[in-house]
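The chain contents come next:
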Amino acid sequence: TQLLEQSPQFLSIQEGENLTVYCNSSSVFSSLQWYRQEPGEGPVLLVTVVTGGEVKKLKRLTFQFGDARKDSSLHITAAQPGDTGLYLCAGALWDTGFQKLVFGTGTRLLVSP
Amino acid sequence: NAGVMQNPRHLVRRRGQEARLRCSPMKGHSHVYWYRQLPEEGLKFMVYLQKENIIDESGMPKERFSAEFPKEGPSILRIQQVVRGDSAAYFCASSRTGARVDEQFFGPGTRLTVL
């Protein structure tokens, strides 16, 4: 059962444009994490948001956790070719007594010069 | 400070053979998680282990798959009698504790191809 829906699946934009990636679920998560994955490598953690409504900024990237802790968004301002990659959101479930990560299907971003 | 190590990075097996994937967690980490990523899909949780114990294997197929994390040495994910559908990238992650907000750090993955 896929608990996390990411949209869009693919995004091709020009350098300098802004974009937003969405991560939605009907489940409540104890925290939500955003990862970036390069081809042939494992996911690298970008940020963890824990509190409903929380906003975190990482340079040109802004992450927001929904008030109900069911959804999140990633906004990139003035995208650069170096931002190209696969972005994954992952919700952390705690109901089993440990942190089980449920991953979205990912958003593949291509930023052209 | 070395990160999570996985080997081999690429593994090719014929149908019916066994595949052994190894994962060495980060130094000081005693919690290991295995995930599988099928082509064009997100990562799916398979199993969570602490030293010498399987804590949760709810994501592991019931047959042919097993995992261990011995007192000494790396964690091993073992797939017996592989089939083409087992072709995927297998990622290991480790954390220092199993706490609610403890970060999981991922290895580079093992890409398994079954011919």
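Residues numbered from 1 in each chain as written. Chains lettered and ligands numbered in written order. Predicted model: local features only at pLDDT ≥ 70, side-chain atom pairs only at ≥ 80, totals over all residues. Heavy atoms only, no water.

Draft legend 1. Representation of the state of the cysteines within the structure. Counted under the stated rule, the structure contains two disulfides over all chains. Across the disulfide from cysteine 23 of chain A sits cysteine 89 of chain A; the S-S distance is 2.0 Å. Every disulfide takes its handedness from the sign of the S-S torsion; for cysteine 23 of chain A and cysteine 89 of chain A that torsion is 75°, giving right-handed. Of this pair, cysteine 23 of chain A sits in strand β3 (residues 19-25) while cysteine 89 of chain A sits in strand β9 (residues 85-93), placing them 66 residues apart in sequence. Using a relative accessible area of 0% as the deciding quantity, one classes cysteine 23 of chain A as buried. Owing to a relative accessible area of 0%, cysteine 89 of chain A belongs among the buried residues under this scheme. Covalently, cysteine 23 of chain B is tied to cysteine 92 of chain B through a disulfide, its sulfur atoms 1.7 Å apart. Between cysteine 23 of chain B and cysteine 92 of chain B the sulfur-sulfur dihedral comes to about -45°; the bridge is accordingly left-handed. Of this pair, cysteine 23 of chain B sits in strand β3 (residues 19-24) while cysteine 92 of chain B sits in strand β9 (residues 88-95), placing them 69 residues apart in sequence. Exposure class is identical for cysteine 23 of chain B and cysteine 92 of chain B. Each is buried. (Disulfide = S-S within 2.5 Å. Helix = DSSP H or I, 4+ residues; strand = E, 2+ residues; numbered from the N terminus. Buried < 20%, exposed > 50% of the residue type's maximum accessible area, 1.4 Å probe, protein only.)

Draft legend 2. Spatial organisation of the pairing of strand β6 (residues 55-58) of chain A. Residue and element names in this part refer to chain A. Sheet topology places β6 next to strand β7 (residues 61-65); four bridges connect them, and they run antiparallel. When the bridges of β7 are listed, leucine 58 appears paired with leucine 61. Between the antiparallel neighbours β6 and β7 lie two residues, among them lysine 59 with a positive phi of about 55°. (Pairing = 2+ DSSP bridges.)

Draft legend 3. Inspection of the sheet that holds strand β1 (residues 4-7) of chain A at higher detail. Residue and element names in this part refer to chain A. Taken together, the five strands give an open sheet; going across it, the order is β1-β3-β8-β7-β6, and neighbouring strands pair in antiparallel fashion. With partners counted over all chains shown, the strands left at the sheet margins are β1 and β6, one partner each. Across the sheet, the axes of successive neighbouring strands diverge by a mean angle of 15°, strand direction being ignored. Where β3 meets strand β8 (residues 71-76), six bridges bridge the pair, whose relative direction is antiparallel. Paired with cysteine 23 across the strands is serine 72, a residue of β8. (Axes fitted to C-alpha atoms, helices over the stretch in contact; angles between N-to-C directions.)

Draft legend 4. Structural context of the side chain of serine 72 of chain A. Residue and element names in this part refer to chain A. Relative to the assigned elements, serine 72 resides in strand β8. Within the structure, the side chain of serine 72 is placed 2.9 Å from the side chain of tryptophan 34, a separation counted as a polar contact. Among the polar contacts listed, one links the side chain of serine 72 to the backbone oxygen of glutamine 64, at a separation of 2.6 Å. Setting aside residues no more than four positions away along its own chain, serine 72 makes contact with Val21, Tyr22, Cys23, Leu32, Trp34, Gln64 and Phe65. (Polar contact = N/O pair within 3.5 Å; in protein donor to acceptor, adjacent residues only side chain to side chain. Contact = heavy atoms within 4.5 Å.)

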